[in-house]
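Tertiary structure, described
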Amino acid sequence: MVTMWLSWLFGLQEISMYSKVVSCNVETSWSMLLVLQATQVGFCCGLLAARFNRIVVTMNAMRATTARHLGNTRRLVSRRLCEVAAITVATSCFLLLAPTLVPCRDASLQML
């Protein structure tokens, strides 16, 4: 994203991995700008993955603590079922509402 702003700021030519052509051939054009963008995306995804792993470890420690306190009882089973239901509802809501956040655009071949 930073490289996109820099290219806009300095008026550099917009570079895309996929150029629009009349036939269905796809041409790739590589530049250091694209490599920098891919590096930034990889770095951000790595940070997000590390944070996600940390959250999972913390949640598992909390679940183990509650399981020790509750023992193998109905309260533990109902609590686990509520966790599964909450995750299912949250995931379903995200999957249903996420497409409404971004308007639809025509594909590159439809714009020709």
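Residues numbered from 1 in each chain as written. Predicted model: local features only at pLDDT ≥ 70, side-chain atom pairs only at ≥ 80, totals over all residues. Heavy atoms only, no water.

1. Observations regarding the environment of Arg 63
Filter applied, for reference: Secondary structure follows DSSP: runs of H or I at least 4 residues long count as helices, runs of E at least 2 residues long count as strands, and numbering of each begins at the N terminus. Contacts are assigned to residue pairs with any non-hydrogen atoms lying within 4.5 Å of each other. Pairs of N or O atoms within 3.5 Å make up the polar contacts considered here, provided that, within protein, one atom can donate a hydrogen while the other can accept it, and that residues adjacent in sequence are counted only when both atoms are side-chain atoms.
Inspection of the secondary structure assignment puts Arg 63 in helix α2 (residues 32-70). Linking Arg 63 and Arg 79, residues 16 residues apart in sequence, is a C-alpha distance of 10.0 Å. Once you skip the residues sitting within four places of it in the chain, Arg 63 turns out to touch Arg 80 and Glu 83. Within the local environment of Arg 63, its side chain forms a polar contact with the side chain of Glu 83, the two groups lying 2.8 Å apart.

2. Description of the pattern of salt bridges
As a reminder, the rule being used: What counts as a salt bridge is simple: a side-chain nitrogen of Lys or Arg found within 4 Å of a carboxyl oxygen of Asp or Glu. Only protein chains enter the area calculation, which uses a 1.4 Å probe; residues under 20% of their type maximum are buried, those over 50% are exposed, and those in between are partly exposed.
Using the criterion set out here, one finds one salt bridge in the structure. Salt-bridge contacts for Glu 83 lead to Arg 63; the nearest nitrogen and oxygen are separated by 2.8 Å. Residue Glu 83 is located in helix α3 (residues 74-97), and its partner Arg 63 is located in helix α2; the two are separated by 20 residues in the primary sequence. A relative accessible area of 27% places Glu 83 in the partly exposed class. Assessed through its relative accessible area of 28%, Arg 63 is described here as partly exposed.

Honestly, it's all geometry; don't read function into it.
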